Amino acid sequence: MEESTAESTAENADTLRMELKKTMTEILGDGGVSEDRGEADGSSRVLKAIDEAVRILNRLREVESKMAESADTSSSSPAASVLQVPKEFKCMLSRAIMSEPVVIASGQTYEKRYIQQWLMYKQTCPKTKEVLSHRLWSPNHLVDELIAQWCQANKYDRPEASDAPIGLFSDDIDLLLERISSPSSFEDQTKAANELRRQTKRFANVTAFFVAEIPDSITRLLTPLPALGEVIDTYPGLQKDIITALLYISSLEENKTAVAQHPLVIPLLTKSLKKGTAKTRRNSAEALWLLSKLDSNKIIIGNSETLKALVHVIKEDHFTAAISASYAVFHLCCLPENRGKVVSEGLIPALINRIKERSYVYIYFALLALMTAQNGVIEEIENLGFVDGMFSILRNTSCSVTGENGTLIFLRMCGLNTGNRDRERTRLKLIKEEEEKYSTFSKFAKQGSERAVMEAKAILQWIKRSGTVSSGQVFYHRDLSSFEPCWFRIWVGCLCYEHGFDGKTELGLQVQSPFPIVVVAVFSCRSRFLVGDGIVWPAVSGSDRSEMRRLGVFGSRSGRYRTAG
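What counts, and where the lines are drawn
Residues numbered from 1 in each chain as written. Predicted model: local features only at pLDDT ≥ 70, side-chain atom pairs only at ≥ 80, totals over all residues. Heavy atoms only, no water. Helix = DSSP H or I, 4+ residues; strand = E, 2+ residues; numbered from the N terminus. Buried < 20%, exposed > 50% of the residue type's maximum accessible area, 1.4 Å probe, protein only. Areas by Shrake-Rupley, 256 points an atom, 1.4 Å probe, with all protein chains shown as cover. Expected span 1.5 Å × (residues − 1). Salt bridge = Lys/Arg side-chain N within 4 Å of Asp/Glu carboxyl O. Core = buried A, V, L, I, M, F, W, Y, C linked by side-chain atoms within 4.5 Å.

Examining the overall build of the chain
What the chain contains, in helices and strands, is 26 helices and 10 strands. By residue count, 46% of the 565 residues in the chain fall in the buried class. Here the chain has roughly 28700 Å² of accessible surface; of this, 51% comes from carbon and sulfur atoms.

Here is the structure:
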């Protein structure tokens, strides 16, 4: 019964909104003010329509109030929809609810500051396209009152009137694109590109309608760059303005997919990373950074030559461009398959050189920490002799982000299993000496951020355990013919390893461990089961480690699993 009543109420609200829309159309159709305004029948018709609109608004307020009460008291009621501003209360130029509605000679109503801007350059009605008999306007008090009543009835926060400047309209931007893509002269093309750059920088509404409303806008913007080819190098100003405009257009979330998927964009941004002024290179890197925030774009950019160009910017370019390139690479390498590509292009030595400059260390250190998840990166850092440098940074930093990333790197070093016993002993010795001499990790365990505290405590635990025993190996063999191909997570003590299973009948593991007695727990990422000595324990709740404790397996000293070595 309650559900039926709610549906009936919603239908009544929809009917009232349709009636309100029809009435508002009649009012606005009469123009609010016109040459015939003084005639009795015209005035009477408008007043009757206004009275009817007020009646509908009051009735709509009652109905929507009942809908709100029904939603609060009945869990079975559908969720209240987002409040939509009636189309008739929005200015077609600003695309927002009107704060100062004014009526022009055509009888159409617009937001004051937007129609003022329009009439400064044109003498046509934006909606009807008719030529206006004059450029005068008058306040539309009738529409203003209706909007005020609607806002009050719906508790809608109506924006205050503003004198802030506004950008060009879509027709004007379309003309700028025409001058850029089909110029009458190079000078005119350059002026148009410069004005478009200025518009996209200052006015958010321009970037909002640029992609959504203007046909082939991206193609027309970028046309001069491939058309000029290598000659573009002789016109750095034009290239800079076009790439900078593309940067501002890419800043809008709704534009990111369309921009990145356009076939011209990524190749031209990549080329601009290599050729162009320092500002052009920086803006190209920044545009790639903004575009790479979407996961779908990470794949598009990662499958191009862009990664190589970004690494080159980090290696060789001015620090402002290198910072933007580092942000872009960081986002792109959140996708694991992109990490190996940038490592092969020499990212690690480039980052180390930047960190040694002691400028913007937190940015480069964060990227270095992310890359240590890639196979071979920690060994490369060690081969480049930068372990002492990282210790020095960690010792002296006052930046919590750098502290977190530094402790993360050393925690990964602790858990690294390369099979090279001499290298692992050397790594352990260096970490122990740092702690004994400077108490670096003890300080972070007491005073660091929450994440740094957890990482530092894990390192201290590793130092404590590994300091009393020699390392060994765990050998594990299991028939898994009943399981599908998957990835396994293997816990050996407090260290975690991953192992792939290809669907064959047997799984063999050989895991290096510094602990005298080791417990091996294997978890499938797909079905969460625990395997050990031919017994399968279901993991029904909790994290991996807490579940092992619940099963009485974690920390077991039963001797069931033996070490060798």
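The rest of the description comes next.
Observations regarding helix H6 (residues 186-202)
Here H6 is 17 residues long and its end C-alpha atoms lie 25 Å apart, about the 24 Å a rise of 1.5 Å per residue gives. Inspection of H6 places Asp 188, Gln 189, Ala 192, Ala 193, Leu 196, Arg 197, Gln 199 and Thr 200 among the buried residues, and these make up the whole buried set.

Comments concerning helix H10 (residues 236-250)
Compared with the 21 Å implied by 1.5 Å per residue over 15 residues, the 21 Å span of H10 between its first and last C-alpha is a close match. Most of H10 is tucked away, with 11 of its 15 residues classed as buried. What H10 keeps buried is the set Leu 238, Gln 239, Asp 241, Ile 242, Ile 243, Thr 244, Ala 245, Leu 246, Leu 247, Ile 249 and Ser 250.

Quick word on the pattern of salt bridges
Within the structure shown, the criterion is met by 19 salt bridges. The salt bridge involving Arg 281 is made with Asp 317; its shortest N-O contact spans 2.5 Å. A residue pair is termed long-range when its members are at least 10 positions apart, and Arg 281 in helix H13 (residues 278-291) and Asp 317 in the loop between helix H15 (306-316) and helix H16 (319-332) qualify at 36 residues. Like Asp 317, Arg 281 is buried.

Topic: the nonpolar core
Counting 92 residues, the largest nonpolar core has Ile 173, Leu 221, Leu 368 and Phe 410 as its most contacted members. If one sorts the elements of this core by residue count, helix H19 (residues 361-371) sits on top with 9 residues. Membership of the second largest hydrophobic core comes to 24 residues, among which are Val 102, Ile 104, Cys 125 and Cys 151.

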